[in-house]
Amino acid sequence: MTWADLSLIAPELALAAAACAALLQDAWATGPALESRSRGPAAAWIALGGVCAALLLLGVRPAGAAQVGFAGMYVRDGITRVVDLAALAAAGLGVMLSPPYLERFRLPAGEYHALLLLSTAGAMLMGASRNLVLLFLGLEMLSFPLYVLAALARRSRRSQEAGLKYLLLGAFATAFFVYGVALVYGASGTADLSRLGRAPDVPLLHAGVAFLVIGLGFEAALVPFHAWAPDVYEGAPMPATAFMSVIAKVGAFAGLLRLFPQALPQLAPAWGQMLAAIAVATMILGNLAALAQSNVKRLLAYSGVAHAGYILIGIASGGPAGSSAVLYYLLVYVAMNLGAFGVLLLLERRGEEADRVEDLAGLLGRAPWAAVVLAACMVSLAGLPPTAGFIAKLYLFRAALQDHRVALALVGALTSVVSVYYYLRVASVALSAGAADAVAVRHSRFAGVGLALAAAGVLWLGIVPGAITALVQQAVQALR
Amino acid sequence: MLSGYAPVLVHLVLAVLLAAAVLGLHMLVGGRRPTVEKVLPYESGVWPIGSARERVPVRYYLVAMLFILFDVEIVFVYPWAVLVRELGARGIGEMFTFLALLAIGYLYLLKRRALEWE
Amino acid sequence: MPGILTALVAVPLIGAAGVALLPAGRVRAVRAVGLVTTLAALALAAWVWARFAPGTSGLEFEERAAWVPAVGIAYHLGLDGLSVSLVALTAFLFPLALAAAAGQVRDRVKAFVVTALLLEAGLLGTFMAQDLVLFYVFWEAMLVPMYFLIALWGGAGRAGAAIKFFLYTMAGSILMLVAIVAVYLGSAAGGGAPTFDLPSLLREPLGVAPGVQAVLFAAFAVAFAIKMPVWPLHTWLPDAYAEAPPVVTVLLASLMAKAGAYGLLRFCLPLFPEASRAFGPLLSALAVVGILYGGAVAWAQGDMRRLLAYGSMSHMGFILLGIFAFDVPAVQGSLIQMVNHGVSTGALFLLAGYLLERTGRARTDAYGGVAATAPALAAAALIVVLSSLALPGTNGFIGEFLILVGTFQARPAAAVPATLGTVAAAAYLLAFVGRVFHGPLRDDLRALPDLRAREYAVLVPLILVIFWVGLYPQPLLVRSEATVTAVLRRVAAAHGPAPRAAPAVGSRAGGGERTP
């Protein structure tokens, strides 16, 4: 480890430092009273400072050639850059949108922010992995804080259940991942992703890759490894749900990106079919299950499953087109999903989370801008122009057709028609005339700015996507 | 590549065979006369008192976990201590960074009063 | 430097932003800003329409800028003979619709006006976009506001009707999106960079196999056919038309249906000429079925808006028939008929809306003798109905006459049964007028007020256009002729005989020969 190595992971270090600071600050301020009411937004400011510092450190580094550190385990290239951007956007929005909720439901702010930042750093490590061992470390660093976040509401049985379920199933999936790493190493004699491309095509390698897919597929909530998602999403406190719904996808798909299009292009014929089948199953099941939901958190959980299926189209199609589509979709997904959750975080129904669809009734009358943001995010999730979700889907269809995966594009297209039904239902309830009397809307400047940023992202990536498309295009240039 | 491991395999097979042989022989030729004393959880003459499912204060687990956590970190310190001269100033710096991170965790626990038994 | 077409799209958007910033309580200000915005758009559109130079088939007022250069998507707007009159029609109908809405939409007015303005921007953009992705963006961008207009301000069954409408249209258009991407990738077959730009795509034949071309044609055509709608893809229509607020029905029938027909002319015919020829007989047959089926079902409807909805569908059948006759007069007739249908059907739905507004009754048999108490309303209704029936002297005559003349030449087998459709239209429309306006006056309708000043202001411009087009259609024909000829030459070049010459009535314009 040298100073050069350390400067390479400076953004991650900034997050870790901010996490420690937030933890200590809150412990100092409130002492043993974890659920203390009288806490300012200091922890949130520290976390936000950490995210901004990381963004700055990311920005000052020239976007030139790839740099490798830590004995070839860590790589900072175009893909790292975009993944970091997505992860930091998720962290920044996650921090900005939660204060009203944390305050109202008395969640320990220091712990929340520290865990959020550490999880973000984990996702960033996954995006920078050039070695299966680092990928595993990133996966663990990503998922462990999420287990705790899911169980953060100590007084809520559902939150405890969610945390335990997530932990047990997650540990199970991680075990698969480690086993996969071992098998791949056994088959190829290396854990270095940049050398896997020359590995002999033996059954052991395929078995190992299958286990890796299980481990990553669990985090991304791909069918058939998605069963945890609805329960955990519904039970976890809403800010945690919001954040995990995006960061887990960023990390997992960064991992899949490093694994498939980049490290194992020689397996594309065999694995493209397999991944395409998983993508089809995920899109169909996620969308159909979401149709029946009346709880918005569950609905967004299944919608998250469905979107995992869409993103997998890009991985299955591979190549520069598929990879750039994945990267673009991740950025878009962060903005639109957190925007949707951000509006829900402002609501409260008689001391509980307002997470039923009908709780949104009449939002337009009380918080018009929040209602409009929610509608815009729903339209974007449905993949309709002029929002970001449309450009993201266009990219995916292009990748699929370029790789002659017509069926994949068609299933993606038709399932998005299905998804319109439930997304627009949410949006039209929010814009309808009725009023859910029991529901109160909290106004918070902090969250307001966060929502504005998310909405701006949804529109910006949809209307003037040029800058970001150039960024992702440049990120995947090295792929062939 | 794997041929170097052949002795290990032979060793494994022999160990399994031996254990199976001894246990199997015992089952075949050994006699069994169970008595009340013999089937007790503790055969050595200690009468069990009360149920084994005793409740322990939850703090016990907390402290026990924290103890293990810090205890395991010591594992890293031992090899460092042995090699401290060879590692030089840089080794000292690295270890103290590590200890500082541990200290942050410790301070956090202290402030949250996780270590107080009341 | 953004040009006038960008301004045309931007004006409604700026107006929407302006309305959004007003306090929701100031309803009068909200309505005023909305109306002024649409009038400003109308002024721009009128200027463009007047300045449009007939006789060339190429794009005018063209604007192009890189949008997503990474994948070859451009911001490319332009007008030609196919679109210039439709843009004018759109800009013409919106102020009228907003004015009429003042009496019908009293709830969440601000949101209504904002949504309507977004819809206008989407529609105008749809007619002007020359890049496939840009077109798709506008196409869907008008769908979303329309969904909300139905779902939030509609009648009792609005939620179901809105989602049915949306799912239907979306199912069609998303397949079109996949086809668009396929066309894009196909355009690189010759070795060049793939492009979404329509004029560039038309420069050389698409590099796809004939079978693939047929599939792509079908994907585009289904999307447009759903929007028109073409039988048998029409089943969303009665619910949506009947549940939407009356002014929104006007926009649906007058403008969105036209976007479907326009899409066929703009994309299906030029991009897939061989497939268009191959599918032509089938689509003509569907058009005839639609004409007859729509007419027959309209005749049997008791609910006046459903009656008008099926009638509108029957009339759209004529437009489809004209397009797939591949004959210059017929296609020009179709284009004129698009404008006519927009004006006449729009006026019919407006009148139905006025009746509903006064009585709340949807069924025709709940009326009777209205002419006695509201003579002006009855007179307006008669004029509009006669224009729908294609009475000579009104706009409908010009359109249907050209379509039928052209079709008789090209597809006599389709033209003969289609003429029966005009008879059916007479049956159901005159029955409608008879049941509602004539006969003994019902006692509970004695207090029915006649047209108010505001309603005059909406109906008079429509009636003026009805007569203007009926008596002097030349300006419309001149504008469309060159482009239509060029499109049909392209279709004919695929194989088969060249299209017949332009009709005498428009031939003075002469014309450029460039392909669009």
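Thresholds, definitions, all that
Residues numbered from 1 in each chain as written. Chains lettered and ligands numbered in written order. Predicted model: local features only at pLDDT ≥ 70, side-chain atom pairs only at ≥ 80, totals over all residues. Helix = DSSP H or I, 4+ residues; strand = E, 2+ residues; numbered from the N terminus. Buried ≥ 20, exposed ≤ 12 C-beta atoms within 10 Å, placed from the backbone. Contact = placed C-beta atoms within 7 Å. pLDDT = per-residue confidence, 0-100. Nonpolar A, V, L, I, M, F, W, Y, C, P; charged D, E, K, R; others polar. Pairing = 2+ DSSP bridges. Core = buried A, V, L, I, M, F, W, Y, C linked by C-beta atoms within 7 Å. Axes fitted to C-alpha atoms, helices over the stretch in contact; angles between N-to-C directions. Parallel < 35°, antiparallel > 145°, perpendicular 65-115°, else oblique. Left-handed = near helix turned anticlockwise from the far one by under 90°.

(A) Highlighting the overall build of chain A. A count of helical and extended segments in chain A gives 21 helices and 5 strands. For chain A, the spread of C-alpha atoms along the principal axes amounts to about 65 × 50 × 40 Å. Expressed as a percentage of the 480 residues in chain A, the buried residues total 66%. Long-range pairs, those at least 24 residues apart, make up 81% of the contacts in chain A between residues at least 6 apart in sequence.

(B) Representation of the confidence of the model for chain A in the model. Across chain A, the average pLDDT comes to 90, with 98% of residues at or above 70. For chain A, per-element mean pLDDT is lowest for strand β4 (residues 352–353) of chain A, which scores 84, and highest for helix α7 (residues 132–150) of chain A, which scores 95.

(C) Broad picture of the interface of chain C and chain A. Taken together, the contacts link 30 residues of chain C with 28 residues of chain A. In terms of residue count, the dominant contributor to the side of chain C that touches chain A is helix α6 (residues 158–186) of chain C (12 residues). Partitioned by chemical class, the residues of the side of chain C that touches chain A number 27 nonpolar, no polar and 3 charged.

(D) Region of the structure containing the pairing of strand β2 (residues 73–79) of chain C. Residues and elements named next belong to chain C. Among the 7 residues in β2, 6 count as buried, and that is most of the element. When strand β1 (residues 60–68) meets β2, the two strands line up antiparallel, connected through 6 bridges. Within β2, the position partnered with A66 by the bridge is A74. As consecutive antiparallel partners, β1 and β2 are separated by 4 residues, and within that stretch G72 has a phi angle of approximately 75 degrees, a positive value.

(E) Layout of the sheet that holds β4(A). All names here are of chain A. Here 3 strands make up an open sheet; going across it, the order is β4-β3-β5 and the pairing antiparallel. A single partner strand is all that each edge strand has here, and the edge strands are β4 and β5 (439–441). Taken together, the 2 bridges between strand β3 (residues 347–349) and β4 define a ladder with antiparallel strand orientation. The residue bridging R349 from the neighbouring strand is E352, located in β4.

(F) Here's a closer look at the nonpolar core. Residues A:A90, A:V250, A:L331 and A:M378 are the most contacted members of the largest nonpolar core, which totals 430 residues. Element by element, the count of residues in this core is highest for helix α5 (residues 132–153) of chain C, at 20 residues. Non-local contacts of A:A90, meaning those with residues more than four positions away in its chain, are made with A:T120, A:F243, A:V246, A:I247, A:V250, A:V334 and A:L338.

(G) Layout of unusual backbone geometry. For the peptide bond that leads from A:V223 to A:P224, omega is 5 degrees, which places it in the cis range. Among the secondary structure elements, A:P224 is positioned in the loop between α10 (203–220) and α11 (228–235). Looking along the chain, the bond that leaves A:P385 and enters A:P386 is cis, with omega of 5 degrees. Looking at where A:P386 falls in the secondary structure, it is placed in the loop between α17 (368–381) and α18 (388–402). Although it is not a glycine, A:R106 adopts a positive phi angle of roughly 50 degrees. Judged by the 16 C-beta atoms lying within 10 Å of it, A:R106 falls in the partly exposed class. In this model, C:F61 sits at a positive phi of 55 degrees, which is unusual for a non-glycine residue.

(H) Geometry of the packing of helix α6 (residues 109–127) of chain A against helix α12 (residues 238–263) of chain A. Residue and element names in this part refer to chain A. Direction vectors running N to C along α6 and α12 enclose 15 degrees, while the axes themselves pass 7 Å from each other. Between α6 and α12, the angle falls in the class roughly parallel. Two packed elements cross with a definite hand, and for α6 against α12 that hand is left-handed. Between α6 and α12, the contacting residues are Y112, L116, S119, T120, G122, A123, M126 and G127 on the first element and P239, F243, I247, V250, G251, A254 and G255 on the second. For the contact of α6 with α12, the per-class residue count stands at 9 nonpolar, 6 polar and no charged.

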